[in-house]
Amino acid sequence: MLSTKNQERIFGQPEIKTINLAMEEFVANHKDQAITYAVLAEHIHILLKLPENMSLNGLASHLQTFIKSKMRLHKEVRHDFEWEKNFHAHSVSLNRISAEKSMILRQEMKHREITFEEELKFLGL
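It should be emphasised that the depicted structure is a prediction, and the values quoted were computed from it without experimental measurement. (Residues numbered from 1 in each chain as written. Predicted model: local features only at pLDDT ≥ 70, side-chain atom pairs only at ≥ 80, totals over all residues. Heavy atoms only, no water.)

Chemist: I'd like a description of the pairing of strand S3 (residues 43-47), backed by residues and values.
Modeler: Of all 5 residues in S3, 4 are buried, a share of seventy percent or more. Two strands pair when backbone bridges link them, and strand S1 (residues 2-3) and S3 are joined in this way by 2 bridges, in the antiparallel orientation. What sits directly across from Leu2, in S3, is Ile44. Alignment of strand S2 (residues 36-39) against S3, held across 4 bridges, turns out to be antiparallel. Looking at the pairing, Val39 lines up with Ile44 of S3. Connecting S2 to the antiparallel partner S3 that follows it, the hairpin turn spans 3 residues. (Buried < 20%, exposed > 50% of the residue type's maximum accessible area, 1.4 Å probe, protein only. Helix = DSSP H or I, 4+ residues; strand = E, 2+ residues; numbered from the N terminus. Pairing = 2+ DSSP bridges.)

Quick look at the structure:
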């Protein structure tokens, strides 16, 4: 999970649309990966297999840079933000992948009921 610095709610519909386009491009460039994601106002949930040639920190940094570079191409979207340095990641066993995908795809609905701060607290962050 990647979030904006201080969990600032800056992603409106134009930003979310642009981030979704960036993620679609990322997915297209990594066809060997099954990637599921959800973009919300201040964070992004992403489920993917960590590439063998990349560290977790390297992947998070790569995604943050990739997304922000795509946002800079669109004048109508806000790209003057910073990413939170810390991110949340956890491993998922093969028998839990479909449940995790489903949970990610329901994030927008989930966050109508609980805040991002409450989610972080639940995760112990």
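Having put the structure on the table, let's press on.
Chemist: So what about the packing of aromatic side chains? Which residues, and what values?
Modeler: Inspection of the entire model under this criterion finds 4 aromatic pairs. Here the aromatic rings of Phe81 and Trp83 are separated by 5.1 Å at their centres, their planes lie at 80°, and the arrangement is edge-to-face. The same class applies to Phe81 and to Trp83, which are both buried. Members of the aromatic cluster, joined through ring pairs, are Phe11, Phe81 and Trp83. Across the ring face of Phe81, the terminal group of Lys68 is positioned such that the distance to the ring centre comes to 4.7 Å. (Phe/Tyr/Trp six-rings, centres within 6.5 Å; stacked < 30°, edge-to-face > 60°. Lys NZ or Arg CZ within 6 Å of the ring centre and 35° of its normal.)

Chemist: Please set out the nonpolar core residue by residue, giving values where relevant.
Modeler: Counting 21 residues, the largest nonpolar core has Phe11, Ile19, Met23, Ile67, Met71 and Trp83 as the members making the most contacts within it. Contributing elements (two or more residues each) for this core: helix H1 (13-29), S2 and helix H2 (56-72). Among residues more than four places away in sequence, those in contact with Met71 are Phe11, Glu15, Thr18, Ile19, Val77, Arg78, His79 and Phe81. (Core = buried A, V, L, I, M, F, W, Y, C linked by side-chain atoms within 4.5 Å. Contact = heavy atoms within 4.5 Å.)

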